[in-house]
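Chains, contacts and geometry: an overview
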Amino acid sequence: MNKIKYALLRFMQGRYGVDSLNNFILYTSIGIYIIDIFFVKDFYLSIVSQLMVIVVIFRMFSKNWMARQKENATFLKLTKGIRRYFVCLQKQMKDREHAYFLCPNCKQIVRVPRGKGKIELICPTCKTKFERKS
Ligand SMILES: [Zn+2]
């Protein structure tokens, strides 16, 4: 039993593993797969979801850390706005006393008291001015 464990550990050593991009591709492929088997039933769509799983496996076992990290960084940069939007939405749901907005320039979350009408906001990070209705 120990032999198998060590063999597995040795195999995984220096390999890249899981990151945000891999999770995203994996969940998207599962989503596509479910949509395909229940609704679309298209052969090519099932191929697409399977290819995505292959990409995930390739990235997981890759030993080229630099390239994988670069891909992940690009992914995180491209999706920053969307991810910040959901964080903002989550904060808004928990806190009814304040209104939360995203800075249109740097995507910083800006919190203001609710019910003040139309106000001008200044982003604390990049000092961009923008108007929102609180
Ligand atoms: Zn900003």
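Everything below is about the structure printed above this text.
Just so it is clear, the structure is predicted and the values come from calculations on it, not from any experiment.

Quick word on the environment of Ile25
- Here Ile25 shows up in helix α2 (residues 20–40).
- Those residues within four positions of Ile25 in sequence are excluded, and the remaining contacts are Met52, Val55 and Val56.

Description of the pattern of salt bridges
- One pass over the full model with this rule turns up four salt bridges.
- When the shortest N-O distance is used, the salt bridge between Arg59 and Asp19 registers 3.1 Å. Taken together, the residues span a long stretch of sequence, with Arg59 in helix α3 (residues 43–61) and Asp19 in the loop between α1 (2–12) and α2 at a distance of 40 residues.
- Judged by its relative accessible area of 2%, Arg59 falls in the buried class.
- A relative accessible area of 9% places Asp19 in the buried class.
- The salt bridge partner of Arg59 is Glu71, with a shortest N-O separation of 2.6 Å. Taken together, the residues span a long stretch of sequence, with Arg59 in helix α3 and Glu71 in helix α4 (residues 65–78) at a distance of twelve residues.
- When salt bridges that share partners are traced, they join Asp19, Arg59, Arg68 and Glu71 into one network.

The rules behind the values
- Residues numbered from 1 in each chain as written.
- Predicted model: local features only at pLDDT ≥ 70, side-chain atom pairs only at ≥ 80, totals over all residues.
- Heavy atoms only, no water.
- Helix = DSSP H or I, 4+ residues; strand = E, 2+ residues; numbered from the N terminus.
- Contact = heavy atoms within 4.5 Å.
- Salt bridge = Lys/Arg side-chain N within 4 Å of Asp/Glu carboxyl O.
- Buried < 20%, exposed > 50% of the residue type's maximum accessible area, 1.4 Å probe, protein only.

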